[in-house]
Amino acid sequence: MSTLAEAPSRFGVKRLYRDAGALLTASIAVPLNLVFGLAAAWTIAKFDFRAKSVLMTLIDLPFAVSPVISGLIFVLLFGMTFLQAVAATKVINVFSRRMSSLLP
């Protein structure tokens, strides 16, 4: 039976940090989505206002547009220099290994 002390040698430190980062991200994103989702649902159900259809469209947009198209929209709006700047922060892996070889 393995112990937690053996975990870094067994799985690798990078994997443990990656998994801890994923858990941290999920523990922040889920409560925020819950609060804002309930607030938006309550507002849409309870009130009639001019921008109601716009709010409903913004909520439905991630289900209708694939992530590839979203990435293309970001490239078209902000250009490759924006994505290079995001990739340089090393917070988000914007480019795969194949794509990063194409960058200057």
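The preceding data block contains the structure.
Bear in mind the structure is a predicted one, so any value in this text is a computation, not a measurement. Counting starts from 1 at the beginning of each chain's written sequence and moves along it residue by residue. Reporting in this predicted model follows two pLDDT cut-offs: at least 70 for local features of residues, and 80 or more for side-chain atom pairs to be given and counted; totals over whole chains, interfaces and linings ignore these cut-offs and use all residues. To obtain the side-chain values, all non-hydrogen atoms of the structure were used and water was disregarded.

A. Quick peek at the packing of aromatic side chains. Side-chain rings of Phe, Tyr and Trp (the six-membered ring for Trp) are treated as a pair once their centres are within 6.5 Å; stacked means planes under 30 degrees apart, edge-to-face means over 60, and tilted covers the remaining angles. Within the structure shown, the criterion is met by 1 aromatic pair. Taking 5.3 Å as the distance between ring centres and 90° as the angle between the ring planes, the aromatic pair formed by W42 and F47 counts as edge-to-face. Any residue under 20% of the maximum accessible area for its type is buried, any over 50% is exposed, and the rest in between are partly exposed; the area is computed with a 1.4 Å probe on protein chains only. Taking relative accessible area as the criterion, F47 reaches 39% and is therefore assigned partly exposed.

B. How the structure looks around helix α3 (residues 52–64). Helix and strand definitions follow DSSP, with helices as H or I runs of at least four residues and strands as E runs of at least two, each counted in order from the N terminus. One fewer than the residue count of a helix, multiplied by 1.5 Å, yields its expected span. Along its 13 residues, α3 runs 18 Å from first to last C-alpha, staying within 8% of the 18 Å computed at 1.5 Å per residue. Its axis deflected by about 30° at L58, α3 carries its strongest bend there, up to four residues before the proline P62. What is called the bend at a residue is the angle between a pair of axes, fitted to the seven residues leading up to and ending at it and to the seven starting from it.

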